[in-house]
Amino acid sequence: MAAKSQICSIWLGSETGILKGVSLRKKQAFNFCEMSCLSRDQEVCVMAWGDPYESELLLGSVNGTVKTFSTDKGIFTATKECGDPSQGKFTGLAVTDSSMITCVESGLLKVWKEGSTDTVEVNVGKDICKMRQNQSQRHHVATGGKENPLKVWDLEKPDKPIFTAKNVAHDWLEMRVPVWVRDISFIADSDKIVTCTGHHKVRVYDPSTPQRRPVLEADFGEYPLTALSLPASQDAVVVGNTHGELAILDLRKGLVRGCFKGLAGAVRGLQCHPSLPLVASCGLDRFLRVHSLEDRSLQHKVYLKSRLNCVLLSSRDLESSSDSGDVEEVKAEEEDEVWDNMETVTEKTKKRAAEKDEAAVTGADGKKKRKQVNK
Amino acid sequence: MKAVKAPVEEMDQAECEVKEEKSASGPCFPPTFSVSEIKNKQRRHTMFLKLKEEKRKKRMELKKKKKKERKALDDKAPPKEVPKTIENQRIYDETTVNPEDEEVAFDEGTDEFSAYFNRLTNPKVLITTSDRPRGRTVRFCDQLATVIPHAYVYYRRGLALKKVIPQCISRGFTYLMVINEDRKVPNGMVLCHLPDGPTAHFKVSSVRLRKEMKRRGKNPTEHSPEVILNNFTTRLGHSIGRLFAALFPHDPQFVGRQVATFHNQRDFIFFRFHRYIFKNEKKVGIQELGPRFTLKLRSLQKGTFDSKFGEYEWVHKRHEMDSSRRKFHL
């Protein structure tokens, strides 16, 4: 099991309660579960890395337990009761330096301090669809749900949210616009937060300004958006909806840059690679698909037999294994630098040449015209 | 240049005429000559017919010769070649279900149909139509109700499906079937499994009602029929097959000698309803009872009917998915 789990670079949680690991380099998929004790109430709702070295994986199940999976050893090392199933499924799971944060559908957000049994409980309002952690300020979390606007909480001062979004203005019929936040993400290196809604809108909020309404609103498709992810490159967001439409949206003007093809069913989990231009998506069609963000082509497609709920990428290179990965990465970077230099030089000369050519062509045209006139 | 070329062209034409005269006696063209070069339309047509006939004769001769050879070789003859069809050239589908697969078995064992397959529920079907159904659709619904035991046809009365579904659940229905029509012709079917989905949306075509059928048997009896599901091999196909299987009661009454067949071929699902009889130990006779129709899956949605907010498990996307004629999804 250890050997298997160490080569896996993509982790998926399924509706049947199986944790799946996929190694793209070896083109193999593994199940990390006892096949004899499967049950539907172990359905994986949320997944998160337990530590920054990505050696521990936390899985939140429907029955209210959080399991710890060691990717080095390839076994489940711990199980913790973090709530009961009557309060709904997990909607978010995150870790800070010394504690674990869980959030359920009924809106009970709990902070579990390591080593002690007492918890900090925050009621963030009912019908929560998603809870996300700010990766740069790890004690900040954002929540949102049905008729529950985006709120940002500082867990060191959990009495009041530090930011509450205001609903957008009434529509052209003076009707209230319903609220339904389905997924949230913090934009790195800025205070901004991007959300997607069940009414196919993508909204960007900026808590650093006094404005509580979105600073940007974009529309995609006509079906509820279910997941969103931010790629490593700035000012874009990848969103997926219930019809299996996946697209990359530009956050500067809110336009669709392009769609990713090949999906057949609703998107449930979506994650962009932290450094490479890749996006992994999974959902009800039981496939894991990895697309390139650059040319939007399908890179990998893996059939995983169960409906998939969530996907988690390791931050290392997806195609190389853990032991030889570092060396290859360095090489690739060096090469990249070389290529970058070359490209810049050639581009410039090309441009100039093109300009000259154009000038020449226009000149020739001019001459022809003159000739025609003369005729 | 022109001055030089012109006589050559004239020469060519002259030659052509000569050729045509020759060919009139019998279609024996030089190898590079083609019928389409003949300028006279009538002539071209007759020549083409002759050529076609010639080709046919050759082909038949070749066939006869081959047959003779096979007969001469007798049992040493090489095995007959299997014709290439787009079905046996099908692109391999990785979701094809392996019956020994534990994970798929578990997934199917605990899905929404597991209550039926564990014999906990009995099917009860509500059949309704779109608003204001016209002639054929009404008759189609009536005939479907005679095929499916425990089926009740209700007039839609302009009700919203989302309001109908909770009422169906409270009255113990396990299926809601909606026949949609366009210009008096049934063209769509929504099949919603209750109480918690899934919902399948089909295109319906080539509906042939009982009255329009030749050599049809007497009207079906009320016995619950046997069900045959053919060729549902992939994971999606399995789900659809289970959806159809759960429409009918568990134990078929063999006294009725009636069979309902759902045959999947190239993603089209053909429905036929037969009565059979064993004439002797080897021979069996079948008689079609009707109706017959063809279904094509448009989408499979998780949960009960909710086309706006429902999550789709599979959606047929024409331009993305139909890129290859040899790729099938069921």
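By convention here, each chain's residues receive numbers from 1 onward along its written sequence. Chain letters and ligand numbers both follow the written order, the letters beginning at A and the numbers at 1. For a predicted model such as this one, the threshold for reporting local features is a pLDDT of at least 70, and the threshold for listing and counting side-chain atom pairs is 80 or more; totals across whole chains, interfaces and linings nevertheless cover every residue. Excluded from the side-chain calculations are hydrogens and water; all other atoms, namely the structure's heavy atoms, are used.

- The name given to chain B in UniProt is Ribosome production factor 1, with the source organism recorded as Danio rerio.
- UniProt positions are given in the numbering used here, feature names are shortened, and annotations may be inferred rather than shown by experiment. Per UniProt, chain B has the following entry under Function: "May be required for ribosome biogenesis."
- As stated in UniProt under Subcellular location, the record for chain B gives "Nucleus, Nucleolus".

- The name given to chain A in an unreviewed UniProt entry is WD repeat domain 74, with Danio rerio as the source organism.

1. Focus: the sheet that holds strand β4 (residues 44-49) of chain A
Residues and elements named next belong to chain A.
Here is step 1: What makes two strands pair is DSSP finding at least two bridges between them. Working definition: helices are DSSP H or I runs of at least four residues, strands are E runs of at least two. Numbering for both runs from the N terminus. What the four strands build is an open sheet, ordered β4-β5-β6-β7; its pairing is antiparallel. The open sheet has two free edges, formed respectively by β4 and β7 (75-81), since each of these has just one partner strand. Within this sheet the neighbouring strands show an average axis-to-axis angle of 20°, counted without direction.
Here is step 2: Here β4 runs beside strand β5 (residues 56-61); their pairing, made up of five bridges, is antiparallel. Looking at β5, one finds that V44 is bridged to S61. Here the axes come from fitting lines to C-alpha atoms, over the contacting stretch only for helices, and the angles between their N-to-C directions go from 0 to 180 degrees.

2. A few points about unusual backbone geometry
Glycine aside, the phi torsion of most residues is negative, and most peptide linkages are trans.
All names here are of chain B.
Here is step 1: Of note, the amide linkage connecting L194 to P195 takes the cis form, showing an omega dihedral of 0°.
Here is step 2: Locating P195 in the fold gives a position in the loop between β4 (185-193) and β5 (199-208).
Here is step 3: A cis amide bond, omega 0°, links G197 with the succeeding residue P198.
Here is step 4: Within the secondary structure, P198 sits in the loop between β4 and β5.
Here is step 5: In the Ramachandran plot, R157 falls in the positive-phi region, its phi being about 55° despite a non-glycine side chain.
Here is step 6: Topologically, R157 is positioned in the loop between β2 (151-153) and α6 (161-170).
Here is step 7: Its relative accessible area of 62% is what places R157 among the exposed residues.
Here is step 8: For D267, which is not glycine, the phi dihedral falls at a positive 70°.
Here is step 9: Summarising the element assignment, D267 is placed in the loop between β7 (258-265) and β8 (268-278). Relative accessibility thresholds used throughout: buried, under 20% of the residue-type maximum; exposed, over 50%; partly exposed, between the two (1.4 Å probe, protein chains only).

3. Observations regarding the pattern of salt bridges
Residues and elements named next belong to chain A.
Here is step 1: Salt bridges are identified by distance alone: a Lys or Arg side-chain nitrogen within 4 Å of an Asp or Glu carboxyl oxygen. On inspection of all chains with the given rule, the structure shows 34 salt bridges over all chains.
Here is step 2: Of the charged contacts, one joins E15 and R40 as a salt bridge, the two residues approaching to 3.6 Å between their closest N and O atoms. Of the two residues, E15 is situated in the loop between β1 (10-14) and β2 (19-23) and R40 in the loop between β3 (28-32) and β4; the sequence distance between them amounts to 25 residues.
Here is step 3: Residue R40 is classed as partly exposed on the basis of its relative accessible area of 24%.

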